[in-house]
Amino acid sequence: MLLAQLLVSGIQTGLLYALTAAGFALIFGATRIFHFAHGAAYALAGYGFVFAVRAGWSWPLAALLATVLAVGFGLFMDAFVYRPIQRHTGSFFTVFVAAFGVVIVVQSGIEIGFGRAFVAVTSSLTRASAVLPGLYLARAFWIALGAAAVLFGALGLFLARTRTGIALRALAENPDLLRAYGLSARRLSALAFALGSALAVPGAVLGAATTGLSPSVASHVMLVSLAASVVGGIGSLRGAAAGGLVLGVAENLVVSVLDTQWSEAAGFVVLFAFILFRPRGIFGAALAR
Amino acid sequence: MTPQAMTPPLAVRGLAKHFGGLAAVQGVDLDLPAGLITALVGPNGAGKTTLFNLITGALAPDAGDVLLDGARLGPTTPRQIARRGVARSFQDLRLFDHMSAGENVLAAIEPAAWFWQPGDAAARRAAAAAALADTGLTAAAGALAADLAYAERKFLSLARILATGARIWLLDEPASGLDPASRARFVALLRAAAGRGITVCLIEHNLDIVTELADRIVFLDQGRKLAEGAPEAILRDPALAAIYFGDRA
Amino acid sequence: MTAYLLNLAQLAAIFGLLAASLNVLVGYGGIFSVAHAVFFGFGAYAGAQIALNVAPDVLLVSAAGGLVAGVLSLALALPALRVRGEYFVVASLGLQMVATTAFTEAEPVTGGLGGLVGIPPPQLLGLSLASPWAFLAVCLAALFGGLAVMRLLMRGSFGRSLMALRDSESAAEAFGKNVALLKTLAVALGCAIAGVAGGLFALQMAFVNVESFTLDQSVLVLAMVIVGGAGTLAGPLVGTLLLLLLPAALSFLPGIPPTEIGAVQQAIYGLAMTLLMIFRPAGLAGRAQGKR
Ligand SMILES: Nc1ncnc2c1ncn2[C@@H]1O[C@H](COP(=O)(O)OP(=O)(O)OP(=O)(O)O)[C@@H](O)[C@H]1O
Ligand SMILES: [Mg+2]
């Protein structure tokens, strides 16, 4: 039953990774910006949540603050970091270094404010009940499942059915077309950053309420989003979601054969294998060169 | 024997390439006779650049062959093609932007990957200097390629090819946007090259330049070769003119 | 005080060499590796093992470090041949993460989290280099020797070929360049020199553990190159001096509790990286952007 138990917790991790990675993919798909600082949005949301709960706020209010922080951070990055860089060079490496700098700033800011140790809010979410003999499911699992189902459903409808959603998908492909429709590429790119960053919130809040957070989540989540996107096929929402799930499961399953130390590395072994043998990912059409 | 009767240094037979549902090049036959300038003309999207990419191994053809001196080439890479004496330019130039003009030309004639180059370094420097001089870039040799003026960048792209000593040149819109003075220099350069026996194929939209320069025209549309022959004959054909000028209705 | 300064100078020389070696990849080859600390680490562990089990001879230790890192650089060359741009950055991030775990877990070789301790004082062909001045001289010799080699290669045809494929891979190939071999050699060269720096680092510290070979270290070295100016010979040195002196300077600043110095320093160089990319992407020693 151990394997099933690990699989279940893998799915729980994976669903949250999937949401976070989908946020990254949404941003990349719409703006072609490789948002390396996506993990910082997650970290800000998570720590904002912890801060608010400790200050006595109710959970919904604290989650709202987390969302505001994440969205605000995304908008800030779009307007004050990526846009100025794209105005002069736009070389991806410049973007990468600038974003990484921001991750470092956020991470060390958190370290100064909250210390290096893990922080968490106490909750009953980790309390598990047996669904089968020997197989336990925590309440957090159902929340992760629910959040993923609702958000992916809503996102799918939004992107497929609404004018703005369709425009968002067309942004990267054909900015001129949008202008012809009277839509502003700048506003759409801001929207992509806002939505994409908001998708990191469920993972951050659940993370704060279950496993806890440490300052290095920013880079860890960044790596996970990148890895999930590559595994799934860069720019594909479906791919990022699948990639996130694969990584979450891989991280948890590996514990059954190897030391827990390897659990994080397992995801990157998967990533490395994909880059070497199938760089276009599971769903990717062609490799952008 | 007339040049036409000899084996052409470069020929293609039945070359075809699809991109998804789009047939970019469909069964093209082409001979580039030695020492002649062949102009490849056709509307945008006709498949001209794709044809170059197929010849140079930048793309793998779906079908067909490339023949060098009459011998079938088989699957190949840009590197192997370059080593067989075929040099090409790019529509978007692809200069080595963060290197000086002089380094651009030198880099084009140092094919060995190891930490040193075999052969005569002084001779390579001389060849590079000569190519820069021929293209009027001597004074600009120290400037970064990215900082050069438009026409200078066009000529630098040509200087890289000139220096290689390649015997077959494939030039993708090398003269587009040149001012009249630069254009005259360009025409003279290509004429001189053809005079030395270099086989030239150039893609060109400007029909004045084509008339002035080309010995033969090959007309491409929607991936097919529609016509080939002497410039006067092709350019007088009203049906081709209609296609060329987009009067397709 | 002198001891402190000598120590800092030795570290500056070692990190200068490390940053310069990364510059071969990033600045000249356009191979944007965020895994350079891995090869620094390979060199350091290899050097430490030689020092512990054979002899703490500087030449032997650096040769071993360079050799091991150079050979293992294939792990980086492989993805560099398959993908480029963002994909490669992601691949190198992955490599860095896996290597950090491997360093922690491979206890028989690396000593795990505790690391390898008790590395004897360095020697040179039987002569003791226990004096900090003597070891500083060796570090400086390695730095300037390494710089001379890199300068020679980067100003020559190898450097031109590398820069050519950095600027346009397809054009470089069209002029007959062997892109795969060039990249492999550039990666091997850069990583081997990083390995030499790693060997010296092991001797300098007298112990090594995984802390020095993490993603943070890779990013620090990358920041040194970027802040100074990638693709210039002086840039990495300028960047190294700035970023190594920063914590030293901060410790003299009033109002920062000593426990927070690390975090404040991180924040400052993170901020510096971001601002520099926005306002002066070519780095401090780099030339301002061209017209285009
Ligand atoms: N790598 C590619 N992938 C997909 N489609 C391509 C690719 N390269 C070219 N095409 C398509 O193939 C067709 C022919 O393109 P090509 O560049 O050969 O035209 P061209 O004759 O050079 O046109 P132009 O005069 O505009 O340069 C075009 O419709 C183009 O969009
Ligand atoms: Mg073309």
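Residues numbered from 1 in each chain as written. Chains lettered and ligands numbered in written order. Predicted model: local features only at pLDDT ≥ 70, side-chain atom pairs only at ≥ 80, totals over all residues. Heavy atoms only, no water.

### Concerning the confidence of the model for chain C
Residue and element names in this part refer to chain C. Inclusion rule: Every residue carries a pLDDT, the predictor's confidence in it, which falls somewhere between 0 and 100. Throughout, a residue-residue contact means that at least one pair of heavy atoms, one from each residue, lies within 4.5 Å.
Averaged over chain C, the pLDDT score is 87; the fraction of residues at 70 or greater is 97%. Across residues 288-292, where pLDDT falls below 50, the model places nine contacts with residues more than four positions away in sequence or in other chains. The ipTM value of the predicted complex is 0.91, and its pTM value is 0.88.

### Regarding the pattern of salt bridges
Spelled out, the test is: A pair is scored as a salt bridge if a Lys or Arg side-chain nitrogen falls within 4 Å of a carboxyl oxygen belonging to Asp or Glu. For every residue, the accessible area obtained with a 1.4 Å probe (protein chains only) is divided by the maximum for its type, and the residue is called buried under 20%, exposed over 50%, and partly exposed between those limits.
Evaluated as defined, the whole model comprises 13 salt bridges over all chains. The residue A:Arg116 makes a salt bridge to A:Glu111 at a minimum N-O spacing of 3.3 Å. For A:Arg116, a relative accessible area of 66% corresponds to the exposed category. Through salt bridges with shared partners, a single ionic network connects B:Arg216, B:Lys225 and B:Glu228.

### Some words on the coordination of the magnesium ion (ligand 2)
Residue and element names in this part refer to chain B. How we decide: Here a donor is an N, O or S atom found within 2.8 Å of the metal, or within 3.2 Å if the metal is Na, K or Ca; sites may look incomplete because water is not among the atoms. Where helices and strands are cited, they refer to DSSP runs of H or I of at least four residues and of E of at least two residues respectively, numbered from the N terminus.
For the magnesium ion (ligand 2), the full set of protein donor atoms is Thr-49 (OG1) and Gln-91 (OE1), at a range of 1.9 to 2.2 Å. You can see Thr-49 sitting in helix H1 (residues 48-55) and its partner Gln-91 sitting in the loop between strand S6 (86-88) and helix H3 (101-108), a full 42 residues away along the chain. Relative accessible area serves as the criterion here: at 25%, Thr-49 is assigned to the partly exposed category.

### Remarks on the confidence of the model for chain A
This prediction gives chain A a mean pLDDT of 81; 87% of its residues lie at or above 70. Of all the helices and strands in chain A, strand S1 (residues 128-132) of chain A carries the lowest mean pLDDT, 65, while helix H2 (residues 38-54) of chain A carries the highest, 92.

### Regarding the interface of chain C and chain B
Heads up, the condition is: Once two parts are put together, the accessible area they lose, assessed with a 1.4 Å probe and summed over both, is termed the buried area. Pairing of N or O atoms within 3.5 Å defines a polar contact, subject to two protein rules: one partner must be a possible hydrogen donor and the other a possible acceptor, and residues neighboring in sequence count only if both atoms are side-chain atoms. The residue classification treats Ala, Val, Leu, Ile, Met, Phe, Trp, Tyr, Cys and Pro as nonpolar and Asp, Glu, Lys and Arg as charged. All others, Gly included, are polar.
Each partner contributes to the interface: chain C provides 26 residues, whereas chain B provides 32 residues. Buried surface at the junction of chain C and chain B, summed over both partners, amounts to about 2700 Å²; 61% is from carbon and sulfur atoms. Counting every contact that joins chain C to chain B gives one salt bridge. At the junction of chain C and chain B, the tally comes to eight residue pairs in polar contact (both at pLDDT 80 or more). Contributing elements (two or more residues each) for the side of chain C that touches chain B: helix H8 (157-167), helix H9 (169-174) and helix H10 (179-205) of chain C. With eight residues, H8(C) is the single largest residue contributor to the side of chain C that touches chain B. Residues of the side of chain C that touches chain B, tallied by class, amount to eleven nonpolar, seven polar and eight charged.

### A short note on the interface of chain C and chain A
Counting residues at the interface gives 41 residues for chain C and 43 residues for chain A. The contact between chain C and chain A buries some 3800 Å² in all, and 80% of this surface belongs to carbon and sulfur atoms. Our count for the contact surface shared by chain C and chain A stands at zero salt bridges. In this assembly, chain C and chain A are joined by three residue pairs in polar contact (both at pLDDT 80 or more). Counting residues per element, the side of chain C that touches chain A draws most heavily on helix H5 (residues 86-105) of chain C, at 13 residues. When its residues are assigned to classes, the side of chain C that touches chain A shows 29 nonpolar, seven polar and five charged.

### A few points about the packing of aromatic side chains
The criterion, for reference: Aromatic contacts are taken between Phe, Tyr and Trp rings whose centres are within 6.5 Å, Trp giving its six-membered ring; a plane angle under 30 degrees counts as stacked, one over 60 as edge-to-face, and the others as tilted. Distance and angle both matter: a charge sits over a ring if NZ of Lys or CZ of Arg is within 6 Å of the ring centre and within 35 degrees of the ring normal.
Counted by the stated rule, this structure contains 20 aromatic pairs over all chains. Ring plane angle 85 degrees and centroid distance 5.3 Å describe the contact between A:Phe24 and A:Phe34, whose orientation is recorded as edge-to-face. With A:Phe24 in helix H1 (residues 2-31) and A:Phe34 in the loop between H1 and H2, this pair connects stretches of sequence that are ten residues apart. As far as burial versus exposure is concerned, A:Phe24 and A:Phe34 are alike and both buried. Both rings, one in A:Phe34 and one in A:Phe36, keep their centres 5.0 Å apart while their planes meet at 50 degrees; by these two values the pair is tilted. Assigned by exposure class, A:Phe34 and A:Phe36 land together as buried. Taken together through their ring pairs, the aromatic side chains of C:Phe15, C:Phe39, C:Phe40, C:Phe42, C:Tyr45, C:Phe103, C:Phe201 and C:Phe213 make up a single cluster. Here the guanidinium or amino end of B:Arg160 rests over the ring plane of B:Phe96, the centre of that ring lying 4.6 Å away.

### Let's talk about the sheet that holds strand S1 (residues 10-19) of chain B
All names here are of chain B. Put simply, the rule is: Only strands that DSSP links by at least two bridges are regarded as paired with each other. With axes taken as lines fitted to C-alpha atoms, and helix axes fitted only over the stretch in contact, angles between N-to-C directions fall between 0 and 180 degrees.
Spatially, S2-S1-S4-S5 is the arrangement adopted by the four strands of the open sheet, whose pairing is antiparallel. The sheet terminates laterally at strand S2 (22-32) and strand S5 (71-72), the two strands that pair on one side only. Here strand S4 (residues 63-68) runs beside S5; their pairing, made up of two bridges, is antiparallel. Of the residues in S5, the one forming a bridge with Leu-67 is Arg-72. Seen against the sheet, H1 touches S1, S2 and S4 and runs at an angle of roughly 115 degrees to S1.

### Let's talk about the site of ligand 1
All names here are of chain B. Rules: Residues are counted as near a molecule or strand when any one of their heavy atoms sits within 4 Å of it. The method behind every accessible area is Shrake-Rupley, applied with a 1.4 Å probe, and residues are considered shielded solely by the protein chains displayed.
Close contacts around ligand 1 come from 13 residues, with Gly-45, Lys-48, Thr-49, Thr-50 and Gln-91 the closest. Interatomic distance of 2.8 Å between a backbone N/O atom of Gly-45 and an oxygen atom of ligand 1. Here Thr-49 contributes a side-chain N or O atom positioned 2.7 Å from an oxygen atom of ligand 1. In isolation ligand 1 offers 630 Å² of accessible surface; the protein chains occlude 62% of this area. At the level of elements, S2 and H1 are the ones that each hand at least two residues to the shell around ligand 1. Broken down by element, the residue count for the shell around ligand 1 peaks at three residues, all from H1.

### A short note on the sheet that holds S6(B)
Residue and element names in this part refer to chain B. Spatially, S6-S7-S8-S3-S9-S10 is the arrangement adopted by the six strands of the open sheet, whose pairing is mixed. The open sheet has two edge strands with one neighbour each: S6 and strand S10 (224-229). Adjacent strand axes in the sheet meet at a mean angle of 15 degrees, parallel and antiparallel pairs treated alike. Note: strand S3 (residues 37-41) against strand S9 (residues 216-221), four bridges, orientation parallel. Within S9, the position partnered with Leu-40 by the bridge is Val-218. Strands in contact with H1 are S3, S6, strand S7 (168-172), strand S8 (199-203) and S9; relative to S7, the strand with the most contacts, it is inclined by about 145 degrees.

### A few points about the nonpolar core
Rule in force here: To form a nonpolar core, buried Ala, Val, Leu, Ile, Met, Phe, Trp, Tyr and Cys residues must be joined to one another through side-chain atoms within 4.5 Å.
Core analysis: the largest hydrophobic core is formed by 225 residues, its most contacted members being B:Leu156, B:Trp169 and B:Phe186. The contact partners of B:Trp169, leaving out residues within four places of it in the chain, are B:Ala87, B:Ile161, B:Leu162, B:Leu190, B:Ala193, B:Arg196, B:Ile198, B:Thr199, B:Val200 and B:Cys201.

### As for the side chain of C:Ser161
In this fold, C:Ser161 is placed in helix H8. On the basis of relative accessible area, C:Ser161 is assigned to the buried category, the value being 0%. In this structure, C:Ser161 is in contact with B:Glu110, B:Ala112, B:Gln117, C:Lys177 and C:Leu182, ignoring residues within four places of it in sequence.

### Considerations on a nonpolar patch on the surface
Residues and elements named next belong to chain A. Stated precisely, the cut-off is as follows: Patch building starts from residues that exceed 30% relative accessible area and form no salt bridge, then joins like charges within 9 Å and nonpolar side chains (Val, Leu, Ile, Met, Phe, Trp, Tyr) within 5 Å.
A contiguous nonpolar patch, built from Trp-57, Leu-61, Leu-64 and Val-68 and spanning about 390 Å² of accessible area, is present on the exposed surface. Relative to the helices and strands, Trp-57 resides in the loop between H2 and helix H3 (59-88). Take Trp-57: its relative accessible area is 36%, and that puts it in the partly exposed class.

### Comments concerning the arrangement of the chains
Interchain contacts are distributed over two pairs of chains, and the most extensive set of them lies between chains A and C. Regarding chain A and chain B, which are not in contact, the minimum distance between any of their C-alpha atoms is 11 Å.

### Here we look at the pairing of S2(B)
Residues and elements named next belong to chain B. Looking at chain direction, S1 and S2 are connected through seven bridges and run antiparallel. Within S2, the residue paired with Phe-19 across the bridge is Leu-22. Taken together, S1 and the strand that follows it, S2, pair antiparallel across an intervening segment of two residues, in which Gly-20 is found at a positive phi of about 55 degrees.

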